[in-house]
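# Structural features, examined
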Amino acid sequence: MQYRQLGKTDMKISELSFGTWAIGGSWGKTDDKEALNGLARAMDQGVNFFDTADVYGDGHSEELLAKATKGKEDHIYIASKFCRAGDIHDPANYSEAAVTQYVENSLRRLQRERLDLIQIHCPPIDILRDGRVFEVLDKLQQQGKVRYYGVSVETVEEGLLAMENPNVAALQVIFNIFRQKPIFELFPTAKEKQVGLLARVPLASGLLTGKFSKDHQFEGSDHRQFNQNGEAFNVGETFAGLPFSKGVELSEKLDWITSGRGNLTRAALQWILSYDAISSVIPGFKTVKQIEDNLGAVEAPAFTEEELEELHTFYQKEVHDWIRGPY
């Protein structure tokens, strides 16, 4: 496992880490024992960073992380997120009292005294423009409840706006072979400002594993069923904004990148690691097998400049116009 600096923080995090939305809920049936075994396997292989949120299973993923990392708090970093348990459009949701409560609730579930990284969870752009929430986070940082803070964003514009605050240490952004827009303005700005980038939805909700056919049916409790067209939240969170059947068709055209890299999952994750602006890629998982498969990405051969160019052309000509939702 290789480690990369998370922006201006003092944390070096595993270049391949894991998100915990799937083990918390909204990805179909879950198994806590399997989830805990997966977290243990990841840490055994050198993963030292996990991303979560207070709304993942109504705090359940945080509770699982508390169990998995007990006694390892000093060297296993956890990032959580807040705001979506309330009305994300209400300025009161970002007040000092509200944010303090969110943070203290996460600390209780995680059984920690301080959060390594707290992130605003995809807030409306008006909240970022207002900026008062950053003053609240500065206070929580001074109080020692959080080490660093950042923002999980839906769009490049939101990311650029968030980075205007000098104390934003990290950004989460949807980035994968189907979503290459951040490369051109967001990446160089983040490098210039020393802001760490966490690549989320790296496998486009499973499209970039190559395991789905167009007639695949998801469970009713899986957001890939109930949010396919943005019915519950931003459509970009599901299949990177692509219509499912089109996404399957496009993923089938990527078979060539698997040569020498094992499978599409590992190739797609390795592609993200080709960009040095990325601090870590954070795929989700529900099983130990998925943990092991994703970890294989760090051993996969790097992409050549010619391959990167071919994939960018593919994005521009065949993918870009199919993406729905602001990004």
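Look a little higher up for the structure.
This text gives an overview of the structure that appears in the document. (Residues numbered from 1 in each chain as written. Predicted model: local features only at pLDDT ≥ 70, side-chain atom pairs only at ≥ 80, totals over all residues. Heavy atoms only, no water.)

### Quick notes on the overall build of the chain
Helix and strand content of the chain: 13 helices and ten strands. Relative to the 2.2 N^0.38 estimate, which gives 20 Å for 327 residues, the radius of gyration of the chain is 18 Å and therefore close to what a compact globule would have. The dimensions of the chain, computed from C-alpha atoms along their principal axes, are 50 × 40 × 40 Å. Across the 327 residues that make up the chain, the buried fraction comes to 60%. Long-range contacts, defined as pairs at least 24 residues apart, comprise 77% of the intrachain contacts of the chain with a sequence gap of at least 6. Working note: accessible area of the chain is about 13400 Å², and carbon and sulfur atoms make up 45% of it. Separation of charge centres in the chain, based on 36 positive and 48 negative side chains, amounts to 2 Å. (Helix = DSSP H or I, 4+ residues; strand = E, 2+ residues; numbered from the N terminus. Rg over C-alpha atoms; globule rule 2.2 N^0.38 Å. Buried < 20%, exposed > 50% of the residue type's maximum accessible area, 1.4 Å probe, protein only. Contact = heavy atoms within 4.5 Å. Areas by Shrake-Rupley, 256 points an atom, 1.4 Å probe, with all protein chains shown as cover. Lys, Arg positive; Asp, Glu negative; His and termini not counted. Charge placed at Lys NZ, Arg CZ, Asp CG, Glu CD.)

### What about the environment of Gly-206?
Along the chain, Gly-206 falls in the loop between β9 (196-200) and α9 (223-226). Of the residues examined, Gly-206 reaches a relative accessible area of 10% and is grouped as buried. Counting along the chain gives 42 residues from Gly-206 to Val-248, while the straight-line C-alpha distance between them is 9.7 Å. Here Gly-206 is in contact with Phe-212 and Arg-224, once residues within four sequence places are set aside.

### Section: the sheet that holds strand β7 (residues 146-152)
Read from one edge to the other, the open sheet built from eight strands follows the order β3-β4-β5-β6-β7-β8-β9-β10, with strand pairing classed as parallel. In this open sheet, the two edge strands, each paired with only one partner strand, are β3 (18-19) and β10 (278-281). Of the pairings in the sheet, the one linking β3 to strand β4 (residues 49-51) comprises two bridges and is parallel in character. Looking at the pairing, Gly-19 lines up with Asp-51 of β4. (Pairing = 2+ DSSP bridges.)

### Looking at the nonpolar core
By size, the foremost hydrophobic cluster in this structure holds 93 residues, and its most contacted members are Phe-82, Leu-137, Leu-171, Phe-178 and Trp-271. Here the element with the most residues in this core is helix α11 (residues 264-273); it accounts for seven residues. If near-sequence neighbours (up to four positions away) are discounted, Phe-82 is found in contact with Asp-54, Tyr-94, Val-99, Tyr-102, Ile-118, Gln-119, Ile-120, His-121, Val-133 and Leu-137. Core analysis: the next-biggest nonpolar cluster, separate from the first, contains twelve residues, Met-11, Tyr-77, Leu-117 and Tyr-148 among them. (Core = buried A, V, L, I, M, F, W, Y, C linked by side-chain atoms within 4.5 Å.)

### What to know about the packing of helix α2 (residues 32-44) against helix α3 (residues 60-68)
α3 packs onto α2 with a crossing angle of 55 degrees between their chain directions and a minimal axis gap of 10 Å. Classified by the angle between their axes, α2 and α3 sit oblique to one another. Our pair here, α2 against α3, has a crossing hand that is right-handed. Here Asp-32, Ala-35, Leu-36, Leu-39 and Met-43 of α2 come into contact with α3, specifically with His-60, Leu-64, Leu-65, Lys-67 and Ala-68. Grouping the constituent residues of the contact of α2 with α3 by class yields seven nonpolar, one polar and two charged. (Axes fitted to C-alpha atoms, helices over the stretch in contact; angles between N-to-C directions. Parallel < 35°, antiparallel > 145°, perpendicular 65-115°, else oblique. Left-handed = near helix turned anticlockwise from the far one by under 90°. Nonpolar A, V, L, I, M, F, W, Y, C, P; charged D, E, K, R; others polar.)

### Observations concerning the pairing of β9
By the criterion of burial, β9 is predominantly enclosed, with five of the five residues buried. The sheet contact formed by strand β8 (residues 168-174) and β9 spans five bridges and is parallel. Bridge pairing in β9 places Ala-170 opposite Gly-196. On the question of chirality, the crossover connecting β8 to the parallel β9 by way of helix α8 (residues 186-193) is right-handed. Sheet topology places β9 next to β10; three bridges connect them, and they run parallel. Counted as the bridge partner of Ala-199 is Val-281 from β10. (Right-handed = clockwise from strand over helix to strand, strands pointing away.)

### Some thoughts on the pattern of salt bridges
Between side chains of opposite charge, a pair can form as their charged atoms come close. In total, this model carries 21 salt bridges according to the counting rule given. With its nearest N and O atoms 3.1 Å apart, the salt bridge here joins Glu-96 to Lys-139. With a gap of 43 residues between them, Glu-96 in helix α4 (residues 96-110) and Lys-139 in helix α6 (residues 132-142) connect regions that are remote in the sequence. The class of Glu-96 is partly exposed, set by a relative accessible area of 35%. (Salt bridge = Lys/Arg side-chain N within 4 Å of Asp/Glu carboxyl O.)

### Some points on the packing of aromatic side chains
Applying the stated rule across the entire model yields 16 aromatic pairs. A centroid spacing of 5.8 Å and a plane angle of 35 degrees characterise the contact between Phe-82 and Tyr-102, whose relative ring orientation is tilted. In this pair, Phe-82 is assigned in strand β5 (residues 77-82) and Tyr-102 in helix α4, connecting sequence segments 20 residues apart. The class of Phe-82 is buried, set by a relative accessible area of 1%. Taken together, the ring pairs connect Trp-21, Tyr-56, Phe-226 and Phe-233 into an aromatic cluster. (Phe/Tyr/Trp six-rings, centres within 6.5 Å; stacked < 30°, edge-to-face > 60°.)

### A few points about the pairing of β7
Counting buried residues along β7, seven of its seven residues qualify, which places the element largely inside the surrounding structure. Sheet analysis places strand β6 (residues 115-121) next to β7, joined by six bridges and oriented parallel. Bridging from a neighbouring strand, Ile-118 pairs with Tyr-149 of β7. Summarising the sheet, β7 and β8 pair through four bridges and their orientation is parallel. Paired with Gly-150 across the strands is Ala-170, a residue of β8. As for the winding sense of the linkage, the β-α-β connection from β7 through helix α7 (residues 156-162) to β8 is right-handed.

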